[in-house]
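# Observations on the model geometry
The primary structure of each chain is shown beneath.
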Amino acid sequence: QVQLQESGPGLVKPSQMLSLTCTVSCGSITTSSYAWNWIRQHPGKGLEWVGAIADDGRTFYRPSLKSRTSISRDTSKNQFSLQLSSVTPEDTGNYYCATSRADGLQTWGQGTQVTVSS
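Residues numbered from 1 in each chain as written. Predicted model: local features only at pLDDT ≥ 70, side-chain atom pairs only at ≥ 80, totals over all residues. Heavy atoms only, no water.

## Regarding the pattern of salt bridges
Selection criterion: Salt-bridge detection follows one rule: a side-chain nitrogen of Lys or Arg within 4 Å of a carboxyl oxygen of Asp or Glu. Secondary structure elements follow DSSP: runs of H or I no shorter than four residues count as helices, runs of E no shorter than two count as strands, and numbering proceeds from the N terminus. Relative accessibility under 20% of the residue-type maximum defines a buried residue, over 50% an exposed one, and the middle range a partly exposed one, all with a 1.4 Å probe and only protein chains included.
Evaluation of the coordinates by the stated rule reveals 6 salt bridges. With a closest N to O distance of 2.8 Å, Asp91 and Arg40 form a salt bridge. Taken as a pair, Asp91 in the loop between β8 (79-84) and β9 (93-101) and Arg40 in strand β4 (residues 34-41) lie far apart in primary sequence, 51 residues in all. A single burial state applies to Asp91 and to Arg40, both of which are buried. Of the charged contacts in the structure, one is a salt bridge between Arg68 and Asp91, with a shortest N-O distance of 2.9 Å. Of this pair, Arg68 sits in the loop between β6 (59-61) and β7 (69-74) while Asp91 is found in the loop between β8 and β9, placing the two residues 23 residues apart along the sequence. Across the pair, Asp91 and Arg68 agree in class, each one buried. Taken together, the shared-partner salt bridges in this structure form one network comprising Arg40, Glu48, Arg62, Arg68 and Asp91.

## Focus: the environment of Arg62
Rules: Residue contacts are defined here by distance: any two heavy atoms, one from each residue, within 4.5 Å place the two residues in contact.
In this fold, Arg62 is placed in the loop between β6 and β7. For the pair formed by Arg62 and Asn78, sequence separation is 16 residues and the distance between their alpha carbons is 23 Å. If we skip the residues at most four places from it in the chain, Arg62 touches Glu48, Trp49 and Val50.

## A word on the packing of aromatic side chains
What describes a pair of aromatic rings is the distance from one ring centre to the other and the angle between the planes of the rings. Selection rule: To pair, rings of Phe, Tyr and Trp, with the six-membered ring standing in for Trp, must have centres within 6.5 Å; the planes then decide the type, stacked if under 30 degrees apart, edge-to-face if over 60, and tilted in the middle.
Tallied over the entire structure, the rule returns 4 aromatic pairs. Three or more aromatic residues link up through ring pairs in this structure, and these residues are Tyr34, Trp36, Trp38 and Phe80.

## Examining the nonpolar core
Stated precisely, the cut-off is as follows: In these notes, a set of buried Ala, Val, Leu, Ile, Met, Phe, Trp, Tyr and Cys residues joined through side-chain atoms within 4.5 Å is what counts as a nonpolar core.
Among the nonpolar cores identified, the biggest contains 23 residues, and Leu4, Leu18, Val24, Trp36, Trp38 and Phe80 are the most heavily contacted of them. For this core, the secondary structure elements donating two or more residues are β3 (18-25), β4, β5 (47-54), β8, β9 and β11 (112-116). Apart from the residues lying within four places of it in its own chain, the contact partners of Trp36 are Val2, Leu4, Val24, Ser28, Ile29, Gly51, Ala52, Ile53, Phe80, Ala98 and Thr99.

## Quick word on the sheet that holds β3
Which entries qualify depends on this criterion: We treat two strands as partners when DSSP finds at least two bridges between them. Interaxial angle, 0 to 180 degrees, is taken between N-to-C directions of lines fitted to C-alpha atoms, where a helix line uses only the stretch in contact.
A sheet is described by the order of its strands in space; here 4 strands give the open sequence β1-β3-β8-β7, paired in antiparallel fashion. In the strand order of this sheet, the two ends are held by β1 (3-7) and β7, each with one partner. Across the sheet, the mean angle from the axis of one strand to that of its neighbour is 20°, orientation sign disregarded. Pairing analysis gives 5 bridges linking β1 to β3, with the strands arranged antiparallel. The residue of β3 that forms the bridge with Gln3 is Ser25.

## A word on unusual backbone geometry
Here the phi dihedral of Ser15 falls at roughly 80°; this positive angle occurs in a residue that is not glycine. Looking at the secondary structure, you find Ser15 in the loop between β2 (11-12) and β3. By relative accessible area, which is 52% here, Ser15 ends up exposed. The backbone phi angle of Ser33 is positive, close to 70°, even though this residue is not glycine. Residue position: Ser33 is located in the loop between β3 and β4. Its relative accessible area of 41% is what places Ser33 among the partly exposed residues.

Below is the structure:
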């Protein structure tokens with residue numbers, strides 16, 4: 001069973017860059033028909049999809065975040081990462097990495113709390 005674990009700083013200063021890494025175990029990020037996603041949830045609000053990287057390395061981003069979002073991967077470490085630049089307090093929330101499969105099945109990490117504050 002695939003497992004995902006988020007890691008990164010819990011506190012980021014405004015205007016700086018947020019960098020998070022998702023480590024995947026019991027599965028490969030190059031597995032066919034899988035996409036590797038970042039999703040976030042603002043306090044008191046619903047889930048918001050941030051972006052994803054496909055098994056072949058193609059990336060997809062939420063249009064409103066595209067200009068400051070970058071998702072990359074390191075296949076040798078079986079990891080994929082999120083970089084969100086120019087953060088503001090509105091970027092505060094719980095960030096999740098998750099696997100989505102072509103047939104609709106999903107596996108989520110436990111999430112990591114990120115606070116943007118000076």
